Amino acid sequence: MRKTILSLGLAAVIGLVAPAAQASEGLALPKLSWSFSAPFGTYDRAALQRGFQVYKEVCAACHSMSLLAYRDLQDLGYNEAEVKAIAAQYEVTDGPNDQGEMFQRPAVPSDRFKAPFPNVQAAKAANNGAAPPDLSLMAKARVGGPDYIHALMIGYENAPAGFAMQPGLNYNKYFPGNQIAMPAPINPDGVTFADGTKATVDQQAKDVANFLMWAAEPKLEQRHRMGAQVILFLLLLSVVLYIAKRKIWSDVH
Amino acid sequence: MAFQSDNKVIKWIEYRLPIFTLLDHAVGTYPAPKNLSYWWNFGSLAGLMLVVQIVTGIVLVMHYTPHTSLAFTSVEHIMRDVNYGWLIRYIHMNGASFFFIAVYFHIFRGLYYGSYKAPRELLWFLGIIIYLLMMATAFMGYVLPWGQMSFWGATVITNLFSAIPVVGESIVTLLWGGFSVGNPTLNRLFSLHYLLPFIIVGLVILHIWALHQHGSNNPLGIDKKDSRDTIPFHPYYTIKDLFGIAVFLLVFSIFLFYSPNFFGEPDNYIEANPLVTPAHIVPEWYLLPFYAILRSVPSKLGGVILMFAAILILFVLPWLDTSRVRSAKFRPVYKQFFWIFLANCLLLGVVGAKPPEGIWVLIGRLATVYYFAHFLVICPLVGWFERPRPLPTSINEAVLPKAAAAAGE
Ligand code: HEM
């Protein structure tokens, strides 16, 4: 009796956890094996650099990443000079100067990523009324995380016959509701990767998902490393304390 | 019974303020039943998590900004720029969940072994008040990062008070500090989120004081008779608690380091936006059973009343349970109902996470009715009609044959 009830309870709890994964009510997302998922997982630096290139050359036309600064890119394996050069490609507004005027200057590594639009209204106006969301935390802000981002990028199709599309929207089989304001952003060979990797849609989608995961969780590698040390320590401590407990308790009963 | 020491400093202090005697009575020579099982570890674990939450919370406040335009980015600043800020924030975030895990084990332990019965009713009351304040504290903390779930959770929960007749609307305006959830709301919740944990500390001290008046209950549920039934708290239970802490922290670490967002909602990584309502507004997992009860009642006021009644009913449990036997070990019928009740609570949790439509509405209503029936009907009736198994005459006697058998093997 007790076992049955307990297993029913357990099944109920699993039922509680599982729906979160299906909350989007859409098609099941293709599950990829990411280099960072495993307990000792780390980011794939080459994929991050390619992903950053996709963001920079494609997504940045519409999406801001306001939580990132150019100096954060050193994490991707760029050296200081390279980061300086990347930042210098952007003009940012600074000031006021001694005359009380705002002025333009090239960005420096401590500047935040330059946003494509000055405000939400401008972003909406340029995108049919739907503002492209900030991508800094996107990989943690959707069920499925990087799997979802990858799926969204490859999920564009012609709407099935009879599907009532609203004008200005695009059919995407993985987007909840299937109608998304973002036009298919990734084109085959839309970017040219410096490392010679072939820029298929799937490749770019994976790389940009890698990059966005890093952007959302930049301390993941440090966390994984520290976790292994802490857990090893606690395992040893538990064993020692258990032996001590047995010893101290040996005269009871 | 005063604490003895040859140390000059200790003697000097002890003569003026007998603090060492107090501590010695609390965790030194304090006689504890010798048969406490590992289910008795969760009290010290809950205490540990309270300290962890306070310490990490104080560090978070050093970097957090309680303003609607800055709160979300200040939490991300903690995650990205503050040294080990990600660790502190993730400990606090997952620590809340593990605090509730410890407390839920602790409460159900009490329900199973009848720890709420005389003479421990006040001890039980203090526990319920601590639990209520924990829920309030955790709810307010969840608002602080000012994500979508923070904002909409706060909106839904504060709106509940508008169901109160006559004064409801005024109470909501008072809670909000305006006419919608906004900056004044965030500020008062922040202030109270800082305050309540310290009130909890005070209540925990009273809780332990009340505990030490009659001592711990035990798996047999019978009173201790003489010194053969007890052992000093130190070193026996200090080492056992320490071992429990190490194991608990081990499990905690697995989530903290390898799945820190397991208990969270992705929507809370989107900054609060009063113009966009999330598809499903759900509270944190530890509040889900009560959320399910709330939504099971078609009337808003009725739902609010039932939700609070679900917790307040625990206050009358010592009198609703009419059995004189404490431990479910000797109560064959109650024991079955205990496990059904536990499964029903888990089921309510599942219902709370589902959108209130279709079959879930019906399941939620049935589970709610059962929840109250357990206390109002089953507990009194089982107490009357059940024939408990014979109780052992003393703790020592009940423990001895087991030890003898173990030695014989
Ligand atoms: C009973 C103990 C406590 C519980 C159960 C608790 C619970 C929580 C929860 C659930 C959150 C939201 C975490 C998130 O999703 O990010 C939170 C945030 C926060 N808490 Fe606490 N807390 C406790 C004690 C404290 C104390 C004593 C302080 C201050 C001294 C504090 C300061 C904060 C701050 C500044 C935040 C916002 C930062 C963040 O969201 O990570 N907490 N708390």
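Shown above is the structure to which this text applies.
To start, this report covers the structure provided alongside it. Every value quoted in this text rests on a predicted model; they were computed, and no experiment measured them.

### Structural notes on the interface of chain B and chain A
On the side of chain A, 49 residues touch chain B, which itself brings 50 residues to the contact. Both sides together, the interface formed by chain B and chain A hides about 4300 Å², and carbon and sulfur atoms give 73% of it. Counting the surface chain B buries against chain A, the share from its top three residues, Arg-80, Tyr-258 and Trp-339 of chain B, is 18%. In this assembly, chain B and chain A are joined by 0 salt bridges. At the surface where chain B touches chain A, the tally comes to 11 residue pairs in polar contact (both at pLDDT 80 or more). Mapped onto the side of chain B that touches chain A, the elements with two or more residues apiece are helix H4 (71-80), helix H5 (85-113), helix H10 (233-258), helix H13 (332-353) and helix H15 (395-408) of chain B. Classifying every residue of the side of chain B that touches chain A gives 37 nonpolar, 6 polar and 7 charged.

### Topic: the side chain of Thr-137 of chain B
By the secondary structure assignment, Thr-137 of chain B is in helix H6 (residues 121-143). In contact with Thr-137 of chain B, not counting residues within four places along its chain, are His-193, Leu-196, Pro-197 and Ile-200 of chain B.

### So, H4 of chain B
Extensive coverage of H4 of chain B is indicated by the burial of 8 of its 10 residues. Within the sequence span of H4 of chain B, burial applies to Ala-71, Phe-72, Ser-74, Val-75, Glu-76, Ile-78, Met-79 and Arg-80 of chain B. Its buried side turned inward, H4 of chain B meets helix H5 (138-141) and helix H7 (201-216) of chain A together with helix H3 (42-61), H5 and helix H9 (183-214) of chain B.

### Some thoughts on helix H7 (residues 148-160) of chain B
Residue and element names in this part refer to chain B. When the terminal C-alpha atoms of H7 are compared, their 19 Å separation across 13 residues agrees well with the 18 Å that a helix rising 1.5 Å per residue should span. Summarising burial for H7: 10 of the 13 residues are buried, a large majority. Taken residue by residue, H7 has Gln-148, Met-149, Ser-150, Phe-151, Trp-152, Gly-153, Ala-154, Thr-155, Thr-158 and Leu-160 as its buried positions. The elements touched by buried residues of H7 are H6, helix H8 (168-176), helix H11 (288-296) and helix H12 (300-320).

About the criteria used
Residues numbered from 1 in each chain as written. Chains lettered and ligands numbered in written order. Predicted model: local features only at pLDDT ≥ 70, side-chain atom pairs only at ≥ 80, totals over all residues. Heavy atoms only, no water. Contact = heavy atoms within 4.5 Å. Buried area = accessible area lost by both parts, 1.4 Å probe. Salt bridge = Lys/Arg side-chain N within 4 Å of Asp/Glu carboxyl O. Polar contact = N/O pair within 3.5 Å; in protein donor to acceptor, adjacent residues only side chain to side chain. Helix = DSSP H or I, 4+ residues; strand = E, 2+ residues; numbered from the N terminus. Nonpolar A, V, L, I, M, F, W, Y, C, P; charged D, E, K, R; others polar. Buried < 20%, exposed > 50% of the residue type's maximum accessible area, 1.4 Å probe, protein only. Expected span 1.5 Å × (residues − 1).

So yeah, pure geometry; function would need other evidence.
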